[in-house]
Amino acid sequence: RWQILASQLQAENESLRALLSVPAQRDKSFISAKILHRLAGPFSHSYFLSAGSDEGVVSGMAAMNGDGLVGRVVEPTGSQSRLMLLTDINSRIAVVSETGSEHAIATGRNKELLTLRYFRKDAAFTVGEKIYTSGDNNLLPTRIPVGVVESVIAGEVLVRPIVKWNQLDYVTLR
């Protein structure tokens, strides 16, 4: 009985999409990957992952775990990928404050904390406020937790990433 109803609803959905000229939505699937090892170096905060272009990984994909954003894929190859962590000095992530009123770019510093840049001069970030991906330019999904504001001193806003780096074994790529 439910199969007949599902088939009817699918046919109706396809008919209505055709009337509105709306393309079918893309599959919002994800890829899971094991962290193989860390790329050691004073100027690079990266991990190598067990999934690559053979599994559908593409450059720019968000890497997340249960806590939040870990980083972005920067170099997928056949069976592996390089993941640039949020803390990498080359990392730039469009973010928004918990209230949605403040936008900025979270930048890595090759240190434990991120710096927020390019926000309004009268921006009101507060210590303890959560920071999320903004989804600006559709580069990353929206509202992925990034971190928590740790300090606001003389216009410098520092954010502690929400990810527990010492408990990181797997990531989800999307």
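Thresholds, definitions, all that
Residues numbered from 1 in each chain as written. Predicted model: local features only at pLDDT ≥ 70, side-chain atom pairs only at ≥ 80, totals over all residues. Heavy atoms only, no water. Pairing = 2+ DSSP bridges. Helix = DSSP H or I, 4+ residues; strand = E, 2+ residues; numbered from the N terminus. Axes fitted to C-alpha atoms, helices over the stretch in contact; angles between N-to-C directions. Buried < 20%, exposed > 50% of the residue type's maximum accessible area, 1.4 Å probe, protein only. Contact = heavy atoms within 4.5 Å.

(A) Summary view of the sheet that holds strand β6 (residues 92–97). The antiparallel closed barrel is built from 6 strands, whose spatial order is β6-β7-β8-β11-β10-β9. Shown here is a sheet whose adjacent strand axes are inclined to one another by a mean of 45°, direction ignored. Note: strand β9 (residues 130–133) against strand β10 (residues 145–153), 3 bridges, orientation antiparallel. Bridge assignment links Y132 to a residue of β10, and that residue is P145.

(B) View of the pairing of strand β8 (residues 114–117). For strand β7 (residues 103–107) and β8, the ladder comprises 3 bridges, and the chain directions are antiparallel. What sits directly across from T107, in β8, is T115. Count of turn residues in the β7/β8 antiparallel hairpin: 6 residues, of which N110 carries a positive phi of about 60°. One ladder, built from 3 bridges, connects β8 with strand β11 (residues 156–161); its direction is antiparallel. Note that in β11 the partner of L116 across the bridge is V157.

(C) How the structure looks around the pairing of β10. Relative to β11, β10 is paired through 6 bridges, and the arrangement is antiparallel. When the bridges of β11 are listed, V152 appears paired with V157. Connecting the antiparallel pair β10 and β11 is a turn made up of 2 residues, with A154 showing a positive phi of about 50°.

(D) Just the environment of N13, in detail. Summarising the element assignment, N13 is placed in helix α1 (residues 2–20). Given a relative accessible area of 38%, N13 falls into the partly exposed group. Between the alpha carbons of N13 and A124 there is a distance of 45 Å; along the sequence they are 111 residues apart.

(E) The environment of G52, seen in detail. Along the polypeptide, G52 turns up in the loop between β2 (46–49) and β3 (62–64). With relative accessibility at 0%, the residue G52 sits in the buried group. When the C-alpha atoms of G52 and L140 are compared, they prove to be 18 Å apart, with 88 residues separating the residues in sequence. Not counting residues within four places of it along the chain, the set of residues in contact with G52 comprises V57, T77, G78, S79, Q80 and S81.

By themselves, these observations are geometric and do not establish any function.
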